[in-house]
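The lines below spell out each chain.
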Amino acid sequence: MKLIIMVIYSLLISIAHSVDVESNLVINNSAFYSSINKLHSDELAKVDQKWIDYIKFYRTFYVEGENLGFYCKQSPKVYYKDRWQRDLVINSFVSTLQMILLEQTVPAIAKYSKELSLSNDEYEALYQNTMGESCSENMSVMSHRRITKLFKDSFKNNVYKLPSVETNPLFASKISVKQSREEKLVRELTYTIGLFQAACSWGQRYESLRLLAPLLKNEVIASYVIRQMSSFKIKKNKGEGLEMLEYDNSTTKVHCDGIICRKKSEKRFLIEFPKGIGSSSIYDDMKAIYCQEIVNHTSEEEPEIDSQIKKLQTKYVGAEANRLKAQFIALITKTPDFNVWTESFETINSYLKMGMEFFWDKWAKQSLNQIVENLNYEEPLVLKVVDRNIFTDKFSFTPKVILDLNSGEFDEEISINGKIKFKFFINIPKNDLKWFFFQYRLDDSGNPDLVKSVDKRLRYYVDHSYSRFKDKLSEYIIKGDVSDIIMSELKSQMLYFRNIDMSHVEGRIYRVPVEINVSPFALIYLKNKNLMKYYLDREISREKDFELENRIDSMAEKSKK
């Protein structure tokens, strides 16, 4: 998911952040780059600024995590008055994440349940079983009774916004229909429940983080917790400025006194929360404490841990732990993660391709349309016979047929030279050719039956020789039968020549050359026609594959039931 967003965002900002050095590159001055550059501008002009800000916010969310990782490489230090204060700060850090998880997951579970049309009884059974399987008796940041009330209230009156890209114009529309909406909601609900269990199962001791460990050690998530404790949030409308953060006094902050942890207002938090010796800000203190104590933290063994919690710890490892982290980020940023939607590599790969091809398909179609629009003529392809006076002498019997395929008046003016030539031969026995020559001169006798019989015989030779070349002509140039044109021209040439002398021809067969010359503008016309056919066929094929894959996925899901 992060990869797709980065691809889209890099496309969106590539123009705005170009510099003089880049503008001098050869590729930047090419027609290819110009067409992409124009498409960038056109697409940005059509997109509401809120969606651009949305992508910037999502990218910044990850960048802040990367910045925290770079900060830790500097080995920052923070010192407190004693070990008691240090432990209190670490516990408060973990408890803040715990509170954030509860505040996010409870209303999210209620919203998912509503979207999946769960009844009141089904919903109640869901959250009661979840709490019974996971919630620690030592949890102090929020009581079990208060959590239960929050579940009930959230189901009755819920305005929580779930992660979605269905209306986002920067995402390919096919993303929304690759899997059924219900399937995606169920998957997201599953890992949202996992996040709730991670929060509820922690026993308020940082020495044993349990299911919170993979979340806390993630730099992106830890960076978010640090911002919450420091009253910062990412600016959603950054504009042209470089500042990524802004002040927000409504963020979640938890202060612990031993193992008793409570959410505090900003004013109370600033008064009660310990500061590092020589501290410049809580923000710097929290970054340093994360780098020193949390990122490489090793949890203590808990031999007497509840069996149900131990079972949860073995469940959410490896890829499952990664999906928990992905769903947490999705709940905060409201951008779903494709890895949560499915475990199928092929399906995830298709999601990535959709995102990457989203822009390039638009560019290809636009480029094709632009090529068609740039044609400065409307004449169709015209196949015409070239005047035989240009290449023959009526006193020397050398029958030959030359055809020109033109498109527009410019092609009409171009001579035979400089055109793409296709050539084949009409093979006629010399004796039959002499017979044709004399029989057509007897046409004045007024015997229509005689003329038909001569035409029929000449047609046989033309069709037989042309049939070997017809498929090649249809594949590369034009579909259709040009045998009538060849036949008519050969018949005319029998009357054109004054005499017939084939003494110079070796063998029994005379090979009458037939040339088809394709003019430059006709070539452009054919190229664009083939391109349009190629892209149309490709889109039709993709749609068929996509529909087939959806049907297969749906049948597979139904078979599981």
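Scroll up to find the structure.
What you see is a predicted model, and the numbers here were worked out from it, not measured in a lab.

As for the packing of helix H6 (residues 120–134) against helix H13 (residues 307–315)
Then, number 1: Relative to each other, H6 and H13 sit at 100 degrees, their axes nearing to 7 Å. The angle between the axes of H6 and H13 places the two elements in the roughly perpendicular class. For the pair H6 and H13, contact is made by Gly132, Glu133 and Ser134 and by Gln308, Ile309 and Leu312, respectively.
Then, number 2: Residue composition of the contact of H6 with H13, grouped by class: two nonpolar, three polar and one charged.

Let's talk about the nonpolar core
Then, number 1: The biggest cluster of nonpolar side chains holds 81 residues, and the ones touching the most others in it are Phe93, Phe196, Met286 and Phe328.
Then, number 2: When residues in this core are grouped by element, the largest group, 14 residues, is from helix H5 (residues 83–115).
Then, number 3: The residues contacting phenylalanine 328, other than those within four sequence positions of it, are Leu97, Ile100, Leu101, Leu195, Ile221 and Tyr224.
Then, number 4: Leu403, Tyr461, Val482 and Val505 belong to the second-largest nonpolar core, a separate cluster that totals 36 residues.

Examining the side chain of serine 208
Then, number 1: One can find serine 208 in the loop between helix H8 (181–200) and helix H9 (213–216).
Then, number 2: A polar atom in the side chain of serine 208 sits 2.5 Å from the side chain of glutamate 302.
Then, number 3: Apart from residues no more than four positions distant in its own chain, serine 208 is found in contact with Trp202, Ser299, Glu300 and Glu302.

Some thoughts on the pattern of salt bridges
Then, number 1: Under the counting rule described, the total for this entry stands at 23 salt bridges.
Then, number 2: Ionic pairing is found between arginine 205 and glutamate 300, a salt bridge with its closest N-O pair at 3.3 Å. Of this pair, arginine 205 sits in the loop between H8 and H9 while glutamate 300 sits in the loop between helix H12 (282–294) and H13; the two residues are 95 residues apart in sequence, bridging distant segments of the chain.
Then, number 3: By relative accessible area, glutamate 300 is classed as partly exposed at 43%.
Then, number 4: The salt bridge involving glutamate 515 is made with lysine 400; its shortest N-O contact spans 3.3 Å. Here glutamate 515, found in strand S8 (residues 509–518), pairs with lysine 400, found in the loop between strand S5 (382–385) and strand S6 (401–406); they are 115 residues apart in sequence, far enough to count as distant.
Then, number 5: Residue class for glutamate 515 comes out buried when judged on its relative accessible area of 4%.
Then, number 6: The exposure class assigned to lysine 400 is partly exposed, which follows from its relative accessible area of 23%.
Then, number 7: Salt bridges sharing common partners tie together Arg83, Arg86, Asp87 and Glu293.

Observations concerning H12
Counting along an α-helix, one turn takes 3.6 residues, and residues three or four places apart therefore face a common direction.
Then, number 1: Among the 13 residues that make up H12, ten are buried, leaving the element largely enclosed by the rest of the structure.
Then, number 2: By the burial criterion, the buried members of H12 are Ile282, Tyr283, Asp285, Met286, Lys287, Ala288, Ile289, Tyr290, Cys291 and Ile294.

Some words on the packing of aromatic side chains
Then, number 1: Throughout the structure, instances matching the rule amount to 26 aromatic pairs.
Then, number 2: Consider the rings of tyrosine 123 and tyrosine 127, whose centres lie 5.2 Å apart with planes at 65 degrees: the pair is edge-to-face. One end of the pair is tyrosine 123 and the other is tyrosine 127, both in helix H6 and four residues apart, which spans about a single turn. Residues tyrosine 123 and tyrosine 127 agree in their burial class; the two are buried.

Side note on the state of the cysteines
Then, number 1: For the structure on display, the rule yields three disulfides.
Then, number 2: The disulfide partner of cysteine 135 is cysteine 200, and the gap between their sulfur atoms is 1.8 Å. Measuring the twist about the S-S bond at about 100 degrees, one finds the cysteine 135-cysteine 200 disulfide to be right-handed. Here the residue cysteine 135 occupies a position in the loop between H6 and helix H7 (144–156), and cysteine 200 occupies one in helix H8, the gap between them amounting to 65 residues.

What to know about the pairing of strand S4 (residues 260–263)
Then, number 1: Pairing of strand S3 (residues 254–257) with S4, which is carried by four bridges, proceeds in the antiparallel orientation. Residue pairing across strands places histidine 255 opposite arginine 262, the latter belonging to S4.
Then, number 2: Hairpin connection between S3 and S4: a loop of two residues separates the two successive antiparallel strands, and glycine 258 in this loop has a positive phi of roughly 70 degrees.

Details of the sheet that holds S8
Then, number 1: Taken together, four strands build an open sheet; the order of strands is S5-S6-S8-S7 and the sheet is mixed. Two strands close off the open sheet at either side, each with one partner strand: S5 and strand S7 (420–429). Across the sheet, the axes of successive neighbouring strands diverge by a mean angle of 20 degrees, strand direction being ignored.
Then, number 2: Where S5 lies against S6, four bridges are found, and the strand directions are antiparallel. Bridge pairing in S6 links leucine 383 to leucine 405.
Then, number 3: Those strands touched by helix H18 (residues 430–441) are S7 and S8, and its axis lies near 90 degrees from that of S7.

Here we look at the side chain of serine 231
Then, number 1: Here serine 231 lies in the loop between helix H10 (219–229) and strand S1 (232–234).
Then, number 2: Assessed through its relative accessible area of 4%, serine 231 is described here as buried.
Then, number 3: Residue contacts for serine 231: discarding those within four places in its chain leaves Glu246, Tyr247, Asp248, Asn249, Thr251, Lys253 and Glu266.

Looking at H10
Then, number 1: Across the eleven residues that make up H10, a large majority, ten, are buried.
Then, number 2: The N-terminus of H10 is capped by asparagine 218, whose side-chain oxygen sits 3.0 Å from the backbone nitrogen of valine 220.
Then, number 3: Positive backbone phi, approximately 60 degrees, marks serine 231, located one or two places after H10.

Quick notes on the rules
Residues numbered from 1 in each chain as written. Predicted model: local features only at pLDDT ≥ 70, side-chain atom pairs only at ≥ 80, totals over all residues. Heavy atoms only, no water. Axes fitted to C-alpha atoms, helices over the stretch in contact; angles between N-to-C directions. Helix = DSSP H or I, 4+ residues; strand = E, 2+ residues; numbered from the N terminus. Parallel < 35°, antiparallel > 145°, perpendicular 65-115°, else oblique. Contact = heavy atoms within 4.5 Å. Nonpolar A, V, L, I, M, F, W, Y, C, P; charged D, E, K, R; others polar. Core = buried A, V, L, I, M, F, W, Y, C linked by side-chain atoms within 4.5 Å. Buried < 20%, exposed > 50% of the residue type's maximum accessible area, 1.4 Å probe, protein only. Polar contact = N/O pair within 3.5 Å; in protein donor to acceptor, adjacent residues only side chain to side chain. Salt bridge = Lys/Arg side-chain N within 4 Å of Asp/Glu carboxyl O. Phe/Tyr/Trp six-rings, centres within 6.5 Å; stacked < 30°, edge-to-face > 60°. Disulfide = S-S within 2.5 Å. Pairing = 2+ DSSP bridges.

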